[in-house]
Amino acid sequence: MSTINEKIEKESAEPAESRIASSWKEASKFPTKRLLDYIGPTGLWLLCFYLASIFMMIVLNIARLGFTGEAIFSAPTYFTQLFISFGLNSGRTEAPPPDILLELPAYLDPDYGLQKIDFANALTSGAWLFAPLVIYVLGLLLLILPGSGFPQPLGDFNYLLNFQYFHHFVPFLGFDVDPVTGIMTTTGAFYFLIALLPIILACLIGAFVTKRVFKEKKDRSISVLKMMVFNLAAGFIVGMQMGTITGEVNFRITGTLRTIFTSSYDNTGYFFSGQYHPNTIIIVSWFVNFIPMIMAALWYLIYDLLEDSIIKAAKSTGAFTSKTFKRMSKNNTSE
């Protein structure tokens, strides 16, 4: 009797095992996307820019402090502080009594002191994450703005001109003065190394990697629409942080609805008091950051054709044999 029961249990168990095995086999064959497929060429370019930007910050900070652990690990924080507080709370500040201020120019007044810079903000505390974002928004912006982005001068200087100067020592940055017009211009490789070079490296490395990671994609170019949205979001984050350092930003949902549906003349939903209006940072940086967007879009468009033409030319000259080319194509397909 027991033998019969064992036989029945064995027969009833076999279909269950086969169902599990078949289900697992079907699940394993189900087409899944890689993480890079969700990121796409645009996200891969941004990732390359992030890594290149962090790398250049470390290199410049080593040039400033020497090859130390502090230079490496404090680099993102240093450059975030440098850019996010540019022209804000730095240099000389006004001090009482006001009657002295009326008699003497600001730069001759001995009763001026250095104002403490407050870096207790989200972008600085999360510098390893946000530092490339700050450089992306403000790097090119300060590069093209006249009368700004200069190294902090030695000795006394007018606190009203703080907006022109960085508050820390900046490596590879100097300034020159035209003897005729007296106009100052920035000199040195600082802006190229901190703002332009990461963009160039991201374009070169990103296009090279994209062609190999997304081999089956017909269109491997970056999305201009996604880049425009990213530029807008980045400008909003940095602009809000710079605005809250010097003023107060107020946003009220009820006030916004009242403004929309009752009176558009009185804005009771969103208003700002202070310097560096967030809207200004958002709009200006959005247009300025068309530069990296156009650079990336153009390079991605021509890179595939350029690489294919180089391989074709090498093959025709004999530097690339047909056998080698077929083996490489086979390896790329198998990957």
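Q: So what exactly am I meant to see when it comes to the overall build of the protein here?
A: Tallying secondary structure elements over the protein gives 13 helices and six strands in all. Put simply, the protein has 335 residues, and 36% of those count as buried. A fraction of 69% describes how many contacts in the protein between residues 6 or more apart in sequence connect residues 24 or more apart. Roughly 20,300 Å² of accessible area belongs to the protein as shown, and the carbon and sulfur atoms make up 66% of that amount.

Q: Quick question: what am I supposed to make of the packing of helix α7 (residues 127-144) against helix α8 (residues 190-213) here?
A: Two quantities define a packed helix pair, namely the angle between the helix axes and the distance between the axes. At a minimum axis distance of 10 Å, the contact between α7 and α8 shows a crossing angle of 125 degrees. With respect to α8, the axis of α7 lies oblique. Seen from above, α7 lies across α8 with left-handed handedness. Touching I135, G139, L140, L142 and L143 of α7 are Y191, I194, A195, L196 and I199, all from α8. For the contact of α7 with α8, the per-class residue count stands at nine nonpolar, one polar and no charged.

Q: What's the story with the confidence of the model for the protein in this structure? I'm lost.
A: The predicted model of the protein averages 76 in pLDDT, with 70% of residues at 70 or higher. Below pLDDT 50 for its whole length, residues 106-114 participates in 23 contacts with residues either more than four positions away or in separate chains.

Q: Help me understand the nonpolar core in this model?
A: Side chains of a nonpolar character, in soluble globular proteins, are inclined to be buried together. Within the largest apolar cluster, 51 residues are counted, with the highest numbers of intra-cluster contacts made by W45, F79, F83, F166, F190, I194 and V238. If we ignore the near neighbours within four places in the chain, the residues touching F166 are L82, F83, F86, L142, G149, F150, Q152, L173, F190 and Y191.

Q: Hey, could you run me through the packing of aromatic side chains in this one?
A: The relative placement of two aromatic rings is captured by the distance of their centres and the angle of their planes. Scanning all chains against the criterion turns up 14 aromatic pairs. Here the aromatic rings of Y78 and F79 are separated by 4.9 Å at their centres, their planes lie at 80 degrees, and the arrangement is edge-to-face. Between F166 and F190, the aromatic rings sit 6.3 Å apart at their centres with planes inclined by 75 degrees, giving edge-to-face as the arrangement. One end of the pair, F166, is in the loop between α7 and β3 (174-177); the other, F190, is in helix α8, with 24 residues separating them in the sequence. Its relative accessible area of 1% is what places F166 among the buried residues.

Q: Would you mind going over the pairing of β3 with me for this structure?
A: Successive side chains on a regular strand alternate, one facing one side of the sheet and the next facing the other. Looking at chain direction, β3 and strand β4 (residues 184-187) are connected through four bridges and run antiparallel. Its bridge partner being in β4, V177 is matched across the sheet by M184.

What counts and how
Residues numbered from 1 in each chain as written. Predicted model: local features only at pLDDT ≥ 70, side-chain atom pairs only at ≥ 80, totals over all residues. Heavy atoms only, no water. Helix = DSSP H or I, 4+ residues; strand = E, 2+ residues; numbered from the N terminus. Buried < 20%, exposed > 50% of the residue type's maximum accessible area, 1.4 Å probe, protein only. Contact = heavy atoms within 4.5 Å. Areas by Shrake-Rupley, 256 points an atom, 1.4 Å probe, with all protein chains shown as cover. Axes fitted to C-alpha atoms, helices over the stretch in contact; angles between N-to-C directions. Parallel < 35°, antiparallel > 145°, perpendicular 65-115°, else oblique. Left-handed = near helix turned anticlockwise from the far one by under 90°. Nonpolar A, V, L, I, M, F, W, Y, C, P; charged D, E, K, R; others polar. pLDDT = per-residue confidence, 0-100. Core = buried A, V, L, I, M, F, W, Y, C linked by side-chain atoms within 4.5 Å. Phe/Tyr/Trp six-rings, centres within 6.5 Å; stacked < 30°, edge-to-face > 60°. Pairing = 2+ DSSP bridges.

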